[in-house]
Amino acid sequence: MATLLHLDSSPLESSISRELTREFVKTWKAKHTDGTVIVRDLAAHPAKPLDAQSIGAIYTPAAGRTPEQKAALAFSDELIGELKKADEYVIGVAMHNFSIPSVLKLWIDQVVRSGETFSYGEGGAQGLLQGKKATVLIASGGVYEAGTPAAGFNHIEPYLRTILGFIGLTDVKFVTAGGVAQIMTGAVDREAFLKPTLEQVRSQAA
Ligand SMILES: Cc1cc2nc3c(=O)[nH]c(=O)nc-3n(C[C@H](O)[C@H](O)[C@H](O)COP(=O)(O)O)c2cc1C
């Protein structure tokens, strides 16, 4: 039975990236009628920033951790458990200041853990989440397509490719609704604007 992990990071109810992830999940469910979807709303329930206690716990070998250190890692363990359980991930990303929302970075800081999602061996670092697939659905006010002058300002795709690759995810697809500022200014109709992107989303999920 297939499992999908559904992550959202936009704080907005009218969010475009949430509309894209909803469409992805709808299509995915129609294909995997007996599949399970784990929902993780990172904006509604953000992870805490790493602090001295949790970093100390991470650096302490599991067998020697105190009850307090185990408690400090409990949420991280839960999030990593979801990543391991799911076969596939869909991640909704709102572009904030040319990068990912801070709540998504907080989640990343909780799940990228030595011995859990990556390890160091003779050949250097190795990602431990093997055989998984991720689809990243981005909404941005501006347009950052390859070849355009602003392309270098898009730090979402290069960063997520690097960090997801670091934990073993090499099958990562990106779909972007770029230029949503045009909806906000009333220059274009939301439904018409999103139609081609929603088609791309459906074809990724099918
Ligand atoms: C705090 C904040 C920062 C933003 N920064 C950028 C930016 O750097 N570049 C951009 O193109 N759009 C930026 N935007 C516009 C958003 O990317 C756009 O509204 C997008 O639809 C957000 O995704 P969402 O609709 O899923 O929330 C920003 C919006 C907010 C609220």
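Scroll up for the structure.
Bear in mind that the values here come from a model prediction, so they are computed numbers and not experimental data. (Residues numbered from 1 in each chain as written. Predicted model: local features only at pLDDT ≥ 70, side-chain atom pairs only at ≥ 80, totals over all residues.)

## A closer look at the overall build of the protein
Now for step 1: Secondary structure summary: the protein contains eight helices and seven strands in total.
Now for step 2: Whereas a compact globule of 206 residues would reach a radius of gyration of roughly 17 Å, the protein reaches 18 Å, a difference of no more than 12%.
Now for step 3: In terms of overall dimensions, the protein has C-alpha extents of about 60 × 40 × 35 Å along its principal axes.
Now for step 4: Put simply, the protein has 206 residues, and 33% of those count as buried.
Now for step 5: Expressed as a percentage of contacts within the protein between residues at least 6 apart in sequence, the contacts between residues at least 24 apart total 80%. (Helix = DSSP H or I, 4+ residues; strand = E, 2+ residues; numbered from the N terminus. Rg over C-alpha atoms; globule rule 2.2 N^0.38 Å. Buried ≥ 20, exposed ≤ 12 C-beta atoms within 10 Å, placed from the backbone. Contact = placed C-beta atoms within 7 Å.)

## A closer look at the packing of helix α4 (residues 74-85) against helix α5 (residues 102-111)
Now for step 1: One way to put it is that α4 packs onto α5 with a least axis distance of 8 Å and a crossing angle of 90°. Compared by their axis directions, α4 and α5 come out roughly perpendicular. The segment α4 lies against α5, with Phe75, Ser76, Leu79, Ile80 and Leu83 engaging Trp107, Gln110 and Val111.
Now for step 2: Among the residues making up the contact of α4 with α5, the classes are represented as six nonpolar, two polar and no charged. (Axes fitted to C-alpha atoms, helices over the stretch in contact; angles between N-to-C directions. Parallel < 35°, antiparallel > 145°, perpendicular 65-115°, else oblique. Nonpolar A, V, L, I, M, F, W, Y, C, P; charged D, E, K, R; others polar.)

This is a description of form; function is not addressed.
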